[in-house]
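Analysis of the macromolecular model
Read off the chains here:
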Amino acid sequence: MKRRIVVFTGAGVSADSGIATFRDADGLWANYRVEDVCTPEALKNNRAQVIEFYNLRRRESLTKRPNAGHLAIAEMEQWADVTVITQNVDNLHEQAGSTRVVHLHGELMKLRSERNPDLIYDIGEGWEQKLDARAEDGALLRPHIVFFGESVPMFDTACRIVASADVLVVIGTSLAVYPAASLVYYVRDRKVPIYLVDPGNPDTAMIRNPLTHIKERGAVGVPQLIERLKNEFAE
Ligand code: OAD
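Attention here is on the structure that accompanies the text. These figures come from a predicted structure and were not determined experimentally.

**Some words on the pairing of strand β7 (residues 167–171)**
In terms of residue burial, β7 counts as a mostly covered element, since five of its five residues are buried. Neither face of β7 is exposed, since Val167, Val169 and Ile171 on one face and Leu168 and Val170 on the opposite face are all buried. In this sheet, β7 lies alongside strand β1 (residues 3–9) in parallel orientation, the contact comprising five bridges. Across the sheet, the residue bridging to Phe8 is Val170, located in β7.

**Re helix α5 (residues 47–61)**
Between the first and last C-alpha of α5 there are 21 Å, a value that for 15 residues agrees with the 21 Å anticipated at 1.5 Å per step. Where α5 is concerned, the buried positions are Arg47, Val50, Ile51, Phe53, Tyr54, Asn55, Arg57, Arg58 and Ser61. Where α5 is buried, its residues meet α2 (28–31), α3 (34–37), α4 (40–45), β4 (106–113) and β6 (141–145).

**Structural notes on the sheet that holds strand β9 (residues 211–214)**
Two strands in a sheet stick together by hydrogen bonds in their backbones, pointing the same way (parallel) or opposite ways (antiparallel). An order of β3-β2-β1-β7-β8-β9 is seen for the six strands of this open sheet, with the pairing classed as parallel. Of all the strands in the sheet, just β3 (101–103) and β9 have a single pairing partner and so form its edges. Pairs of neighbouring strands in the sheet enclose a mean axial angle of 15°, with direction left out of account. Docked against the sheet, helix α9 (residues 218–233) engages β1, β7, β8 (194–197) and β9, running at close to 155° with respect to β8.

**Observations concerning the pattern of salt bridges**
Enumeration over the complete set of coordinates arrives at ten salt bridges. One salt bridge connects Arg47 with Glu114, and the closest N-O pair in it is separated by 2.7 Å. On the criterion of sequence distance, the pair formed by Arg47 in helix α5 and Glu114 in the loop between β4 and β5 (120–122) is long-range, its members being 67 residues apart. Classification of Arg47 as buried rests on a relative accessible area of 14%. Under the relative-accessibility criterion, Glu114 is labelled partly exposed at 38%. Residues Arg188 and Asp166 are paired through a salt bridge, measuring 3.5 Å at the closest nitrogen-oxygen approach. Of the two residues, Arg188 sits in the loop between β7 and β8 while Asp166 sits in the loop between α8 (155–163) and β7, which places them 22 residues apart along the sequence. A relative accessible area of 24% means that Asp166 is categorised as partly exposed. Here the salt bridges do not stand alone but share partners, grouping Arg4, Asp81 and Arg100 into one network.

**Side note on the site of the ligand**
Around the ligand there are 24 residues in total, and Arg23, His105, Thr173, Ser174 and Asp198 lie nearest to it. Contact distances for the ligand include 3.3 Å between an oxygen atom and a backbone N or O atom of Gly172. Contact distances for the ligand include 2.8 Å between a nitrogen atom and a backbone N or O atom of Gly218. Taken by itself the ligand offers 800 Å² of open surface, and the protein chains cover 93% of this. Here the shell around the ligand is built from residues that sort into nine nonpolar, ten polar and five charged. Among the domains, domain 1 (1–19 + 65–105 + 151–235) and domain 2 (20–63 + 110–145) are the pair contributing at least three residues each to the shell around the ligand.

The rules behind the values
- Residues numbered from 1 in each chain as written.
- Predicted model: local features only at pLDDT ≥ 70, side-chain atom pairs only at ≥ 80, totals over all residues.
- Heavy atoms only, no water.
- Buried < 20%, exposed > 50% of the residue type's maximum accessible area, 1.4 Å probe, protein only.
- Helix = DSSP H or I, 4+ residues; strand = E, 2+ residues; numbered from the N terminus.
- Pairing = 2+ DSSP bridges.
- Expected span 1.5 Å × (residues − 1).
- Contact = heavy atoms within 4.5 Å.
- Axes fitted to C-alpha atoms, helices over the stretch in contact; angles between N-to-C directions.
- Salt bridge = Lys/Arg side-chain N within 4 Å of Asp/Glu carboxyl O.
- Near = heavy atom within 4 Å.
- Polar contact = N/O pair within 3.5 Å; in protein donor to acceptor, adjacent residues only side chain to side chain.
- Areas by Shrake-Rupley, 256 points an atom, 1.4 Å probe, with all protein chains shown as cover.
- Nonpolar A, V, L, I, M, F, W, Y, C, P; charged D, E, K, R; others polar.
- Domains from an automatic or database assignment.

By themselves, these figures tell us nothing about what the structure is for.
Listed below in structure tokens is the structure:
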């Protein structure tokens, strides 16, 4: 039986592809206020600014490609049963070839109806959401992004996936945003090993499982870690 490896990623896994993280010194939240671009109130009161923010992110993401970290995660499917749970809204895991990817905070390349959250559309060619674009129910479209203050619809699914893990790999996340960060507590029991690849110091104070922190950037540390896991777990 293949080992079940769950990979939980944050903005850091895409940093080596040239996409800014949020909370590092050069991160997005150093240049934008969350409350201006990433809340339901902002969408209501300042729609143009919110749509513009995500149009910029989308346009930028079209030029980005997976790095060695994304590629190593995808290749792991050859010998392990892998699911990726990402907080990222880019599609670099999919571009790298990962076949099971759960997006906790939504997807940049999708839009949805403001009225009916089940009416979700691929943006199609290009990057631009027009301000007055509407869904087929007549409501305005909005980015398919989980804003601060909104619930995280994929969280329960993600918890079940983490609970099934034989090994949990956490990459490039400050573990500062909840409920996403709490996923690390949903492992089946205290024996499940947790590996962390992050050049910084994510908030791991509450983790009681055996924890190995590889203090490297993703494009270097992830392939190293996965080679090590392969030697240990591949059959
Ligand atoms: P953060 O910006 O909070 O954290 C980024 C993490 O990546 C930090 O721990 C860095 O040390 C690490 N990092 C930086 N460069 C790296 C590199 N080259 N390789 C690997 N790791 C690197 O980003 P997240 O934890 O993903 O939510 O943030 C969580 C959520 O907050 C995001 O999904 C987003 C944001 O607000 C929404 O937009 C809803």
